[in-house]
Amino acid sequence: PSPTPFALANHRGLISDILKKNPNGSVERDTALVAALRSISAELEAAEEDAARATKRVETARGLFDWATGTLSGYSKTKVPEVAESRKRGRPRKGEEVNTYLDEVNYEVRFMPPDEGPLLPPIVAAPGGGMTDELITAHRDAFYQKLCGVPFAELEYYTPPGHLVNLKSRAQLEEYIFIVTHWDTGTDVMDIMDFRRQHKTFYTKMKVSKENIGRRTGHHLRYLAGSNGKKVFCRYGKRDESLMYISVDLLYDALFEIHTLSGHRAWHSTKKIANLKYANIPQDQIKCFVETCPVCSSKKAANLKRQKIGLGEEEETT
């Protein structure tokens with residue numbers, strides 16, 4: 001069912017009550033907010049489906065209107081505009097034009113970071129998208145084993161090698177946050193100039209540049225929702241939005257939310273969504289996640305089996 005103003009008002013009241021009862025943050029508050037977030041996410045998906053159907057109706061009505069007015073003005077089309085039909089998501093048919101604008105807008109609304117206020121952390125992976133707790137545990141270990149060479153349980157002692165510049169440990173990001181926090185003040189034992197000389201590699205990172213020179217500039221901090229005032233290391237994106245850096249131990253949760261809970265999209269579509277929110281998730285990490293995804297692997301195996309059966313039938317007929 002579609003979300004109603006009444007249902008959204010209930011969620012608004014629920015979140016308000018949670019924050020009133022736990023203004024300073026607690027495990028109970030965060031658990032309640034995550035539960036509310038999941039419920040709202042389901043309603044958001046229903047609203048997006050309604051928006052897609054409404055858009056098709058508008059396109060059809062506009063086509064019929066243009067056809068009728070064109071006929072009245074002396075211009076007659078040779079073919080009546082076809083009514084837009086909805087079909088399941090998948091590869092486009094031969095010759096079919098696919099308008100991905102609506103999907104892009106929906107995902108921008110869902111994943112684009114807000115201009116003000118705290119940024120949302122990734123949702124902790126939980127059963128959904130065809131994944132059970134057992135599959136999630138196995139996939140998490142397979143993903144980290146393929147990407148880092150260690151299972152998830154050993155990530156606490158893992159330091160990403162220098163050539164994997166986008167992989168950042170929690171300790172590395174905390175050091176970056178410390179540097180940015182004291183960049184304009186110095187510390188109790190070091191003045192500003194000495195502090196900046198000690199961390200001179202951050203001169204470029206801290207420069208806010210409008211030039212298109214990539215992720216080397218415009219680094220800053222934003223508050224993280226549900227973290228008792230904790231801040232997260234960010235850089236500015238193409239639209240001056242705050243893209244947060246994610247530590248390697250949270251990488252699986254971030255990709256699970258984007259890929260698994262969004263219908264197991266292909267890696268390039270997953271990357272397009274990841275780029276809306278995160279600063280350090282390149283395609284090699286996403287490919288690693290998709291390649292180890294058990295749901296995607298089973299679908300791929302089923303498709304190969306169908307192809308082999310089809311080839312066998314063609315050989316018999318010839």
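Here, residues in each chain are numbered from 1, in the same order as that chain's written sequence. Local features are withheld for residues below a pLDDT of 70 in this predicted model, meaning they are given only at 70 or higher, and side-chain atom pairs are given and counted only at 80 or more; totals for whole chains, interfaces and linings count all residues. Remark: hydrogens and water are excluded; side-chain values derive from all non-hydrogen atoms of the structure.

Remarks on the overall build of the protein chain
Part 1: Only DSSP runs of H or I with at least four residues qualify as helices, and only runs of E with at least two residues qualify as strands; both kinds are numbered from the N terminus onward. The number of helices and strands found in the protein chain is 11 helices and 3 strands.
Part 2: When the elements of the protein chain are put in sequence order from the N terminus, they spell out α-α-α-α-α-α-α-β-β-β-α-α-α-α.
Part 3: In the protein chain, 59% of the contacts between residues at least 6 apart in sequence involve partners at least 24 apart.
Part 4: Only the protein chains shown count as cover for residues, and all accessible areas are computed by the Shrake-Rupley method using a 1.4 Å probe. Carbon and sulfur atoms make up 56% of the accessible area of the protein chain, which amounts to about 20500 Å² in all. Contacts between residues were defined by any pair of non-hydrogen atoms, one from each residue, lying within 4.5 Å.

Considerations on the sheet that holds strand β1 (residues 219-223)
Part 1: At least two DSSP bridges between two strands are needed for those strands to be called paired. Strand order in the open sheet formed by 3 strands is β1-β2-β3, with antiparallel pairing between adjacent strands. In this open sheet, the two edge strands, each paired with only one partner strand, are β1 and β3 (242-244). When the angles between neighbouring strand axes are averaged without regard to direction, this sheet yields 50°.
Part 2: In the sheet, β1 pairs with strand β2 (residues 231-236) via 5 bridges, with the strands oriented antiparallel. Here, axes are lines fitted to C-alpha atoms. For helices the fit covers the stretch in contact, and angles between N-to-C directions go from 0 to 180 degrees.

A word on the side chain of Glu241
Part 1: The residue Glu241 is located in the loop between β2 and β3 in this model.
Part 2: Throughout this description, buried means an accessible area under 20% of the type-specific maximum (1.4 Å probe, protein chains only), exposed means over 50%, and partly exposed covers the range between. The charge count treats Lys and Arg as positive and Asp and Glu as negative. His and the chain ends do not count. Take a side-chain nitrogen of Lys or Arg and a carboxyl oxygen of Asp or Glu: if they are within 4 Å of each other, that pair is a salt bridge. Within the buried core, Glu241 has no salt-bridge partner, and the shortest N-O distance to an opposite charge, that of Arg239, equals 4.0 Å.
Part 3: Reaching out from Glu241, the side chain makes a polar contact with the backbone nitrogen of Arg239 at a distance of 2.8 Å.
Part 4: If sequence neighbours within four positions are ignored, Glu241 has contacts with Met112, Pro113, Arg235 and Tyr236. Pairs of N or O atoms are called polar contacts if they sit within 3.5 Å, as long as, within protein, a hydrogen donor faces a hydrogen acceptor (for residues adjacent in sequence, only side-chain-to-side-chain pairs).

Points about the nonpolar core
Part 1: In this structure, Phe143, Tyr144, Cys148, Leu251, Tyr252 and Ile281 are the most contacted members of the largest nonpolar core, which totals 35 residues.
Part 2: Counting residues per element, the ones that place at least two in this core are α4 (133-148), β2, α8 (251-258), α9 (267-274), α10 (283-292) and α11 (294-317).
Part 3: Residue contacts for Ile281: discarding those within four places in its chain leaves Ile246, Leu251, Ala254, Leu255, Lys271, Ala274, Asn275 and Ile286.
Part 4: Counting residues in each nonpolar core, the second largest holds 14 residues, with Val180, Phe233, Tyr245 and Ala279 among its members. We call a set of buried Ala, Val, Leu, Ile, Met, Phe, Trp, Tyr and Cys residues a nonpolar core when their side-chain atoms join them within 4.5 Å.

Observations regarding the packing of aromatic side chains
Part 1: Two rings belonging to Phe, Tyr or Trp (six-membered ring only in the last case) form a pair when the distance between their centres is within 6.5 Å. Interplanar angles under 30 degrees mark stacking, angles over 60 mark edge-to-face geometry, and anything in between is tilted. Enumeration over the complete set of coordinates arrives at 12 aromatic pairs.
Part 2: Centroid distance Phe233 to Tyr245: 5.0 Å. Interplanar angle 40°. Geometry classified as tilted. With Phe233 in strand β2 and Tyr245 in the loop between β3 and α8, this residue pair connects regions lying 12 residues apart in the sequence. For the pair shown, Phe233 and Tyr245 are each scored as buried.
Part 3: Chaining the aromatic ring pairs together yields one cluster made of Phe143, Tyr144, Phe152, Tyr252, Phe256 and Phe289.
Part 4: In this scheme, the term charge over a ring applies when either NZ of a lysine or CZ of an arginine sits within 6 Å of the ring centre and within 35 degrees of the ring normal. Above the plane of the ring of Phe152 lies Arg140, whose end atom (NZ or CZ) is 4.9 Å from the centre.

Observations concerning unusual backbone geometry
Part 1: Here Asp240, not a glycine, exhibits a phi torsion of approximately 65°, which is positive.
Part 2: Looking at the element boundaries, Asp240 is found in the loop between β2 and β3.
Part 3: Judged by relative accessible area, Asp240 falls into the partly exposed class, the value being 44%.
Part 4: Even without a glycine there, the phi angle at His264 is positive, about 55°.
Part 5: Of note, His264 is situated in the loop between α8 and α9.

Brief notes about the pairing of β2
Part 1: In the sheet, β2 pairs with β3 via 3 bridges, with the strands oriented antiparallel. Across the sheet, Tyr236 pairs through a bridge with Ser242, a residue of β3.
Part 2: Between β2 and β3, which follow one another and run antiparallel, lie 5 residues, and Asp240 among them has a positive phi close to 65°.

Structural notes on the environment of Ser242
Part 1: Along the chain, Ser242 falls in strand β3.
Part 2: When near neighbours in sequence (up to four residues on either side) are disregarded, Ser242 contacts Pro113, Leu119, His220, Arg222, Cys234, Arg235, Tyr236 and Lys277.
Part 3: Side-chain polar atoms of Ser242 contact the side chain of His220, separated by 2.8 Å.
Part 4: Only 2.8 Å separates the side chain of Ser242 from the side chain of Arg222, close enough to count as a polar contact.

Observations concerning the packing of α8 against α10
Part 1: The contact between α8 and α10 brings their axes to 11 Å, and the two run at 70°. By the angle between their axes, α8 is roughly perpendicular relative to α10. Across the interface between the two elements, Leu251, Tyr252, Leu255 and Phe256 from α8 touch Gln285, Ile286 and Phe289 from α10.
Part 2: Residues are grouped as follows: Ala, Val, Leu, Ile, Met, Phe, Trp, Tyr, Cys and Pro are nonpolar; Asp, Glu, Lys and Arg are charged; every other residue, Gly included, is polar. A class-by-class count of the residues in the contact of α8 with α10 yields 6 nonpolar, 1 polar and no charged. In these notes the angle categories are as follows: under 35 degrees is roughly parallel, over 145 is roughly antiparallel, 65 to 115 is roughly perpendicular, and the rest is oblique.

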